[in-house]
Amino acid sequence: NLSAYRNYNTVQLSDKTTTLDQLDLNTLERYPKIYRQDRVAIRKSLTTLTDNQNTQILSFLTLDLSEWSKEIWEGELITPQVIRYPGGNSTYEHALEVNGWVLQWNGDVVETKTEYCDDDEIIECEESISLTKILGLALADSINPCAISVLLLMLLAITTYNSKDRKQILFSGLAFILAVVLMYMIYGFLIIEAFQFLQSITLFKIFLYKGLGVVAFLLGVLEIKDFIKYKPGTVGTEMPMFLRPKMKNIVSKITSPLGAFSMGLFVTVFLLPCTIGPYVILGGMLSTLDFLKSIPYLLTYNIIFVLPMIAVTFLIFFGMKNIKDVSDWRNTNVRKMHLVSGILMIILSIIMFFGIL
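Residues numbered from 1 in each chain as written. Predicted model: local features only at pLDDT ≥ 70, side-chain atom pairs only at ≥ 80, totals over all residues. Heavy atoms only, no water.

Student: Teacher, can you tell me more about the overall build of the chain here?
Tutor: Along its length, the chain carries eleven helices and twelve strands. Looking at the chain alone, contacts between residues at least 24 apart form 69% of all its contacts between residues at least 6 apart. Entry remark: accessible area of the chain is about 17800 Å², with carbon and sulfur atoms responsible for 62%. (Helix = DSSP H or I, 4+ residues; strand = E, 2+ residues; numbered from the N terminus. Contact = heavy atoms within 4.5 Å. Areas by Shrake-Rupley, 256 points an atom, 1.4 Å probe, with all protein chains shown as cover.)

What follows is the structure in structure tokens.
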């Protein structure tokens, strides 16, 4: 533990004595606590502070708290913890987390640049989520060949049963797509809940966003692998082969829009193995938000995800293409679809890992 006493802004390090305003906190080893009057700065994780963050923490230790609290600082307000030391303990009214450091003090509350989600989270919520990332993930997912394949099988069953009724094709296609959106919204909330539970683990929480970037990169590599050497049924990019007969058997029984909706709710289970990757990444990003704030992001993602299915449904309804034409196009271009999806995922992984956007 280090101390900055009441009348001296100095700290004693292992090899020298320095003043607080010249201290580089990144050079400190392990997890020090720096006490000064009615405040304390505690390192909770081994992160690298920016120059601004280093200055902010040093200002916390050197300025009068009345001056310091008037500034708008970077960080997230969290619940203060009791600080124990040999011979006693200290309690504080306020706490602010700044990139692995926790500042605790008594006095006025500060304003922060970051909107915080709840008392336990330590990553910046809204800043880690952008429309660019949502669009990129959704586009990478929307061109997934297996989602279109399931729709085509369903439409084939409808046209076989009602070959001359185009309205049945349209309504059944839209009912199926609506069911997919509803089920994927539910899956999205479940994924978010799972990530929020995992964030109770401090180490997981700290590396969450970079970890999602790594997952996005690996998914992109899998997609590009399917372009270079295509193998149907790769888990993470396509529906596994052992699931396909079961799914075809279920979809072949659809004969009406109501049936299409009901089956759409069920067959999303078969879609998950080939679409879950980007959706898990989205869930991890949205896990820093509360329930209501996550809804627009999930809805935006899922609308983009089903756009190709909507396009296919209308192309067949208006007679511009038949099911065989679309199926042949899908089979001819399946490797290219994997390539585009892979490139999008790798670009997103770089953006996420290095915090570019």
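Student: In this structure, what is going on with the environment of Tyr31? I would like to understand it.
Tutor: Secondary-structure assignment places Tyr31 in the loop between strand 3 (17-19) and strand 4 (33-36). Through-space distance from the C-alpha of Tyr31 to that of Ile42 is 7.1 Å; in sequence the pair is eleven residues apart. Ignoring any residue separated from it by four or fewer positions in sequence, one finds Tyr31 in contact with Arg43, Lys44, Ser45 and Leu46.

Student: Where do I start with the packing of aromatic side chains in this structure?
Tutor: For any pair of aromatic rings, the description consists of the separation of the ring centres together with the inter-plane angle of the planes. For the structure shown, the criterion picks out ten aromatic pairs. With 5.6 Å between their ring centres and 45° between their planes, Tyr184 and Tyr279 make a pair best called tilted. Placement of Tyr184 in helix 5 (residues 166-198) and of Tyr279 in helix 9 (residues 257-286) is noted, with a sequence separation of 95 residues between them. Under the relative-accessibility criterion, Tyr184 is labelled buried at 1%. Overall, the relative accessible area of 1% leaves Tyr279 in the buried class. Measuring from centroid to centroid gives 4.9 Å for Phe317 and Phe318, while their planes differ by 70°, and the two rings are edge-to-face. Residue classification places Phe318 among the exposed positions, given a relative accessible area of 54%. Put simply, the rings of Tyr184, Tyr187, Tyr279, Tyr301 and Phe305 touch in pairs and so form one group of aromatic residues. The ring centre of Phe227 lies 5.3 Å from the NZ or CZ of Arg335, which sits over that ring. (Phe/Tyr/Trp six-rings, centres within 6.5 Å; stacked < 30°, edge-to-face > 60°. Buried < 20%, exposed > 50% of the residue type's maximum accessible area, 1.4 Å probe, protein only. Lys NZ or Arg CZ within 6 Å of the ring centre and 35° of its normal.)

Student: Whenever I open this one, unusual backbone geometry confuses me. Can you help?
Tutor: The bulk of non-glycine residues show a negative phi, and the bulk of peptide bonds are trans. Even without being glycine, Asn99 reaches a positive phi, approximately 45°. In this fold, Asn99 is placed in the loop between strand 10 (94-98) and strand 11 (101-105).

Student: What exactly am I supposed to notice about the confidence of the model for the chain here?
Tutor: Keep in mind that low pLDDT regions are not for reading the predicted coordinates in detail. Confidence along the chain averages 79 in pLDDT terms, with 84% of residues attaining 70 or more. Taking the mean pLDDT of every element in the chain, the minimum, 47, falls on strand 1 (residues 2-3) and the maximum, 91, on strand 11. Note that pLDDT drops below 50 for residues 1-8; the model gives that stretch 19 contacts with residues more than four away or on any other chain. Confidence drops under a pLDDT of 50 for residues 114-127, and excluding neighbours within four residues, the segment shows 41 contacts in the predicted structure. (pLDDT = per-residue confidence, 0-100.)

Student: I would appreciate a short explanation of a nonpolar patch on the surface in the present structure.
Tutor: On the surface, Val214, Phe217, Leu218, Val221, Ile350, Phe353 and Phe354 cluster together into a nonpolar patch covering about 630 Å² of accessible area. Looking at the nonpolar patch, the elements with two or more residues in it are helix 7 (208-228) and helix 11 (323-354). The greatest single-element share of the nonpolar patch, amounting to four residues, is contributed by helix 7. Looking at Ile350, the relative accessible area reads 40%, which means it is partly exposed. (Patch = residues over 30% accessible without salt bridge, like charges linked within 9 Å, V, L, I, M, F, W, Y side chains within 5 Å. Salt bridge = Lys/Arg side-chain N within 4 Å of Asp/Glu carboxyl O.)

Student: Please explain the pattern of salt bridges as it appears in this structure.
Tutor: Where charged atoms from two side chains of opposite charge come close, those side chains can pair. Counted under the stated rule, the structure contains three salt bridges. Across the pair Asp38 and Arg39 runs a salt bridge, and its minimum N-O distance is 3.9 Å. A salt bridge links Lys225 to Asp226; the nearest nitrogen and oxygen atoms lie 2.8 Å apart. By relative accessible area, Lys225 is classed as partly exposed at 31%.

Student: Help me understand helix 1 (residues 51-62), please; the structure alone is not making it clear to me.
Tutor: Residues spaced three or four apart along an α-helix face the same direction, because each turn holds 3.6 residues. The end-to-end C-alpha distance of helix 1 is 16 Å, a good match for the 16 Å that twelve residues give at a rise of 1.5 Å each. Where helix 1 is concerned, the buried positions are Gln53, Asn54, Gln56, Ile57, Leu58, Ser59, Phe60 and Leu61. Tucked inside the fold, the buried residues of helix 1 contact strand 4, strand 5 (39-43), helix 2 (65-68), strand 6 (72-73), strand 10 and strand 11. (Expected span 1.5 Å × (residues − 1).)

Student: Hey, could you run me through the side chain of Arg39 in this one?
Tutor: Its place among the elements puts Arg39 in strand 5. Its relative accessible area of 2% is what places Arg39 among the buried residues. Separated by 2.7 Å, the side chain of Arg39 and the backbone oxygen of Phe60 make a polar contact. Setting aside anything within four residues of it in sequence, one finds Arg39 in contact with Ile34, Phe60, Leu61, Thr62, Leu63, Leu65, Tyr92, Gln104 and Trp105. (Polar contact = N/O pair within 3.5 Å; in protein donor to acceptor, adjacent residues only side chain to side chain.)

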